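Residues per chain are reported as follows:
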Amino acid sequence: MFLVAVTGGIATGKSTVTQVFRDNGVPVIDADIIARSVVEPGKPAWQKIKMVFGDGVLKEGGEIDREALGRLIFNSAEKRKILNEITHPEIHRIMYKQIIKYFFLGHPFVVLDLPLLFETGVMLQFIHKIITVTCEEDMQLTRLMDRNRFSEEDAKKRIAAQMPLQQKCEKSHFVIENSGSIRDTQAETLKILEMLQESNHHWKLRGILLTTAAILFSGIAWFLHHRYKIFSLPQIQ
C-alpha cells in the first residue's frame, strides 16, 4: 500500500477532490476531521488548550470556540506554533493507526487530506504522490470569506499563514486547477485516479514488508532454536 496526499491552500477545493476518491472506493483520511475529534471536551489536547489559552476559547458547553481560538492564533505566530505542538502529535497518531488499518484491509493506496503537509513536513517522507489543489488568488479569498463569513482582513491572515500555493504546486507530482467548474475538477481528479490505480507500487511495498517480516521471523526462530539446544545439552559432572 502507498500513500497519496491531497494538499493545497485553505478554500481551494480539496474536499471536491477527495470526494471523487471516496466515490470510487478509495479510503480518505481527513486531517481536519481528526483535528476536530482530538479537541473534544475532556480529551488530552482539549485539556492542554484550556490550560494554555484559558476559558476564553471555550463555549458554554465546554467545546472549543474555533472562532475565538482562531482570532488568537492567526494574530500570533507563536500561539499558532503552541497550538500545533498540542494538536499535531495527536492528529498524526490517529492517522498512523488508520493507515495501518487500511493496510491490513488490503487497499492498494490511501488518500490523506493534509492541508499543512508542507508546512509541518512530518509525513512527507512517507508520501508516494502529492496532489496540490489550487485556484486563482481572488477566488480563494472570496470562497473563504463566503464559506466562513470572515472579513477580508481575517481571510487574508489565514491564507498568509500557509505556504504560498505556487510553492506547493512546485513541490507536487500533480496539480489540480480548481478555478473552473466542479465537473472540470472532477474530470482532472479521475485522470489522476486512473494513473494511481494502474501503479504497481503497492506490490513492491508489500513485497518489501513481507520479506522484512520473513527475515525477522527467521532470525527469531534461529535464536530460539539455538537457545533451546544450548539449554538441552547434558550437564558435565
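Residues numbered from 1 in each chain as written. Predicted model: local features only at pLDDT ≥ 70, side-chain atom pairs only at ≥ 80, totals over all residues. Heavy atoms only, no water.

Asker: Can you help me understand the pairing of strand 3 (residues 109-113) in this one?
Answerer: Two faces, one strand: in a regular strand the side chains alternate between the faces of the sheet. Here strand 3 lies mainly inside the structure; five of its five residues are buried. Side chains Phe109, Val111 and Asp113 project from strand 3 onto one buried face, and the interleaved Val110 and Leu112 project onto a second face that is buried too. As judged from the three bridges shared by strand 2 (residues 28-30) and strand 3, these two strands associate in the parallel manner. Each residue of the ladder has a partner; that of Ile29, found in strand 3, is Leu112. (Buried < 20%, exposed > 50% of the residue type's maximum accessible area, 1.4 Å probe, protein only. Helix = DSSP H or I, 4+ residues; strand = E, 2+ residues; numbered from the N terminus. Pairing = 2+ DSSP bridges.)

Asker: I'm lost on the sheet that holds strand 5 (residues 174-177) in this one. Help?
Answerer: By way of backbone hydrogen bonds, the strands of a sheet pair with one another, either parallel or antiparallel. Across the sheet, five strands lie side by side as 2-3-1-4-5; this open sheet has parallel pairing. Where the open sheet ends on each side, the last strands, each with one partner, are strand 2 and strand 5. Each strand axis lies, on average, 20° off the axis of its neighbour in the sheet, ignoring direction. Sheet analysis places strand 1 (residues 2-8) next to strand 3, joined by five bridges and oriented parallel. Paired with Phe2 across the strands is Phe109, a residue of strand 3. In the packing of helix 1 (residues 14-23) onto the sheet, the strands contacted are strand 1, strand 2, strand 3, strand 4 (129-134) and strand 5, and the crossing angle to strand 1 comes to about 155°. Across the sheet, helix 10 (residues 182-198) lies against strand 1, strand 3, strand 4 and strand 5, angled at about 160° from strand 5, the strand it touches most. (Axes fitted to C-alpha atoms, helices over the stretch in contact; angles between N-to-C directions. Contact = heavy atoms within 4.5 Å.)

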